[in-house]
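Each chain is listed here by its residues.
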Amino acid sequence: MSKILIRGAKVLGGEPQDVLIDGGTIAGTGTGLSAEGAEVVEAGGKVLLPGLVDLHTHLREPGREDSETVLTGTRAAASGGYTAVFAMANTFPVADTAGVVEQVWRLGREHGYCDVQPIGAVTVGLEGRKLAELGAMHESAAGVTVFSDDGKCVDDAVIMRRALEYVKAFGGVVAQHAQEPRLTEGAQMNEGVVSAELGLGGWPAVAEESIIARDVLLADHVGSRVHICHLSTAGSVEIVRWAKSRGIQVTAEVTPHHLLLTDELVRTYNPVYKVNPPLRTERDVMALREALADGTIDIVATDHAPHPHEDKDCEWAAAAMGMVGLETALSVVQETMVDTGLLDWAGVADRMSFKPAQIGQATGHGRPVSVGEPANLTLVDTAYRGSVDPAGFASRSRNTPYEGRELPGRVTHTWLRGKATLVDGKLT
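Residues numbered from 1 in each chain as written. Predicted model: local features only at pLDDT ≥ 70, side-chain atom pairs only at ≥ 80, totals over all residues. Heavy atoms only, no water.

Caption draft 1: Representation of the packing of helix 1 (residues 70-79) against helix 2 (residues 98-111). Running from amino to carboxyl end, helix 1 crosses helix 2 at an angle of 60°, the nearest separation of the two axes being 9 Å. By the angle class used here, helix 1 and helix 2 are oblique. When the axes of helix 1 and helix 2 are compared, the crossing they make is right-handed. Between helix 1 and helix 2, the contacting residues are Val70, Leu71 and Thr74 on the first element and Leu107, Gly108 and His111 on the second. Grouping the amino acids of the contact of helix 1 with helix 2 by side-chain chemistry returns 3 nonpolar, 3 polar and no charged. (Axes fitted to C-alpha atoms, helices over the stretch in contact; angles between N-to-C directions. Helix = DSSP H or I, 4+ residues; strand = E, 2+ residues; numbered from the N terminus. Parallel < 35°, antiparallel > 145°, perpendicular 65-115°, else oblique. Left-handed = near helix turned anticlockwise from the far one by under 90°. Contact = heavy atoms within 4.5 Å. Nonpolar A, V, L, I, M, F, W, Y, C, P; charged D, E, K, R; others polar.)

Structure (structure tokens):
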């Protein structure tokens, strides 16, 4: 593997310096490093971050390759600056056995655009009735440590308790999709003023908050770890903040779209804005930003949810829920958190690389940009600003809520263990 010298990069937004990659690891940092025998990348003041890690990605394979595949999803990840993604279990068949998680893991290794760590289902078939093979999935070649029925809530308290007890034995974590199903029957959008005016079934905040409250208490009782997927309400923030103040082992994520978009957009009836959990109010958005800034919310996760054109190009009620997000996540975080002064780039590295890698135990990822560490890196042109054109996406799907919207920042380079997967904005 050839040497690469990244010249004049602002590591985590600091002063410009050089970073030398050699043999898949970082061999040197500082100013005036020798370029002898190295390919030179002129960073010109761009920001260099550790490779991003997404704890919540839907790659759809096996079973829904019309939406996404491991290949197209990991190419999208590399385009967005990610070097590792965690693939959710709601595939067909469901990733509830060692065989299925190993299949996904091996596909990730074969394609090589980023590391793929499968997430195992909590219950068989995501049906919420019987625990899946948690131990077998952990002991498999995939080494699963995160388990989730995402797309569905583990609403049975006894099943949730048993899952928390089981994963505690090997240091795993249960990632909960917090949605009380009885409170959201027929729900189409956030319950509030807009839903009342539009006559659409409302999705109340308490449907999320009640599950989070129950689960942090269960985690405390068992002494295990629980992770809250796509937290979306101000009330949920307060519950997590309270739980952390009590020393309960809870972590939480927020999606980029919940940091930027509100339920006012549903007035367009454009199904691209239909998502689970739904877009909330401006008050919720502001609370989420503040919570991400102060650390109550630990990480940003994309909930990248690709769908084929026909599943979104239809009437609102029939449309699938979800948005693609891997290729726009960093730009949205820059817009909502960095350009507003709520986070600096070191904070972005913490929320989008260090902590998600820590929660998911992604070996070799979320590491400092320092000598001896794996060269999993992303270079960002933070001065760039342009409109989002989904026609250029690497993802197989185009269901982005940002089409035509101007956003800041552009990932120009991504390296996975020293191998360039993205160069000058183009996949290798």
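Back to the text.
Caption draft 2: Representation of the nonpolar core. The biggest cluster of nonpolar side chains holds 76 residues, and the ones touching the most others in it are Leu49, Leu231, Leu330, Val348 and Met352. Among the elements that line this core, the one with the most residues is helix 6 (residues 205-222), at 6 residues. In this structure, Met352 is in contact with Leu52, Val53, Tyr82, Val300, Ala329, Leu330 and Val333, ignoring residues within four places of it in sequence. Of all hydrophobic cores here, the second largest spans 19 residues; its members include Val194, Leu279, Val332 and Tyr402. (Core = buried A, V, L, I, M, F, W, Y, C linked by side-chain atoms within 4.5 Å. Buried < 20%, exposed > 50% of the residue type's maximum accessible area, 1.4 Å probe, protein only.)

Caption draft 3: Focus on the environment of Glu68. Assignment of secondary structure puts Glu68 in the loop between strand 6 (52-57) and helix 1. With a relative accessible area of 0%, Glu68 lands in the buried category. In this structure the C-alpha to C-alpha distance between Glu68 and Ser395, which are 327 residues apart in sequence, comes to 6.8 Å. In this structure, Glu68 is in contact with His58, Leu59, Arg60, Glu61, Gly73, His304, Pro306, Ser395 and Arg396, ignoring residues within four places of it in sequence. For Glu68, the side chain forms a polar contact with the side chain of His304, separated by 2.8 Å. Within the structure, Glu68 has its side chain in polar contact with the side chain of Ser395 (distance 2.8 Å). (Polar contact = N/O pair within 3.5 Å; in protein donor to acceptor, adjacent residues only side chain to side chain.)

Caption draft 4: Spatial organisation of the sheet that holds strand 10 (residues 173-176). One open sheet holds the 5 strands; their spatial order is 9-10-13-14-15, and the pairing between them is parallel. Edge positions in the sheet fall to strand 9 (146-147) and strand 15 (299-300), since each has one partner strand and no second. (Pairing = 2+ DSSP bridges.)

Caption draft 5: Highlighting the environment of Ala301. Within the fold, Ala301 resides in the loop between strand 15 and helix 10 (309-312). Separated by 220 residues in the primary sequence, Ala301 and Gly81 place their C-alpha atoms 13 Å from one another. In contact with Ala301, other than residues within four places in its own chain, are Asp54, Leu55, His56, Glu253, Val254, Thr255 and Pro256.

Caption draft 6: Broad picture of the packing of aromatic side chains. According to the stated counting rule, one finds 2 aromatic pairs in the structure shown. Here the basic side chain of Arg410 rests over the ring of Tyr384, its NZ or CZ set 5.4 Å away from the ring centre. (Phe/Tyr/Trp six-rings, centres within 6.5 Å; stacked < 30°, edge-to-face > 60°. Lys NZ or Arg CZ within 6 Å of the ring centre and 35° of its normal.)

Caption draft 7: A look at unusual backbone geometry. Omega for the bond connecting Glu61 with Pro62 falls within 30 degrees of zero, at 10°, which places this linkage in the cis form. Following the sequence through the fold, Pro62 ends up in the loop between strand 6 and helix 1. With an omega dihedral of 5°, the bond running from Phe92 to Pro93 counts as a cis peptide bond. Position of Pro93 among the secondary structure elements: in the loop between strand 7 (82-87) and helix 2. You will see that Asp303, though not glycine, has its phi angle at about 50°, which is positive.

Caption draft 8: Focus on the environment of Thr145. With respect to the helices and strands, Thr145 occurs in the loop between helix 3 (134-139) and strand 9. With residues up to four places along the chain from it excluded, the contact list for Thr145 reads His138, Gly172, Val173, Gly360 and Gln361. Reaching out from Thr145, the side chain makes a polar contact with the backbone oxygen of Gly360 at a distance of 3.1 Å.

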